[in-house]
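Chain by chain, the residues run as shown.
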Amino acid sequence: MTLDSDNQELIKRKLSLTPSKPGVYVMRDINNHIIYIGKAKNLPSRLSNYFVNRVHDAKTTAMLAKVVDFEYFICKSENDALALESK
């Protein structure tokens, strides 16, 4: 399964509104299940590695095929993001 054009637009729009802050991001599938949690020093920079740059290894490609949405939580620092990600 790949992102349909509506989901691609949703993700592009959300990515453009994501603040340049450290934080944790959560990727979800069509059933709203969490399929990946990661941390970022700069959220839009990290997320664009998934959604803008299209060359990935097989594992990441398989995961991204299931992503239909993401959310993020802003943190005060990269260390705070690391602590939140581990929870």
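Placed above this text is the structure.
Thresholds, definitions, all that
- Residues numbered from 1 in each chain as written.
- Predicted model: local features only at pLDDT ≥ 70, side-chain atom pairs only at ≥ 80, totals over all residues.
- Heavy atoms only, no water.
- Helix = DSSP H or I, 4+ residues; strand = E, 2+ residues; numbered from the N terminus.
- Rg over C-alpha atoms; globule rule 2.2 N^0.38 Å.
- Buried < 20%, exposed > 50% of the residue type's maximum accessible area, 1.4 Å probe, protein only.
- Areas by Shrake-Rupley, 256 points an atom, 1.4 Å probe, with all protein chains shown as cover.
- Lys, Arg positive; Asp, Glu negative; His and termini not counted.
- Charge placed at Lys NZ, Arg CZ, Asp CG, Glu CD.
- Core = buried A, V, L, I, M, F, W, Y, C linked by side-chain atoms within 4.5 Å.
- Contact = heavy atoms within 4.5 Å.

Novice: Account for the overall build of the protein chain, naming residues and giving values.
Specialist: Looking only at helices and strands, one finds four helices and three strands in the protein chain. Reading the protein chain from its N terminus to its C terminus gives the helix and strand order α-β-β-α-α-β-α. Here the protein chain has a C-alpha radius of gyration of 12 Å; the compact-globule value for 87 residues is 12 Å, and the two agree. In terms of overall dimensions, the protein chain has a C-alpha envelope of 35 × 25 × 25 Å along the principal axes. For the protein chain, with 87 residues in total, the buried portion stands at 33%. When the accessible area of the protein chain is evaluated, it comes to approximately 5700 Å², of which 52% is carbon and sulfur surface. Averaged over its 13 positive side-chain charges, the protein chain has a centre that lies 5 Å from the centre of its 10 negative ones.

Novice: Provide a residue-level description of the nonpolar core, including the pertinent values.
Specialist: Residues Y25, M27, L47, Y50, F51, L64 and F70 are the most contacted members of the largest nonpolar core, which totals 13 residues. For this core, the secondary-structure elements that each account for two or more residues are helix 1 (5–17), strand 1 (23–28), helix 2 (43–51) and helix 3 (58–64). Here this core takes four residues from helix 2, the largest share from any one element. If sequence neighbours within four positions are ignored, Y50 has contacts with Y25, M27, Y36, H56, T60, M63 and L64.

Novice: Lay out unusual backbone geometry in plain terms, naming residues and giving numbers.
Specialist: For N32, which is not glycine, the phi torsion reads 70° and is therefore positive. Along the chain, the position of N32 falls in the loop between strand 1 and strand 2 (34–40). Take N32: its relative accessible area is 49%, and that puts it in the partly exposed class.

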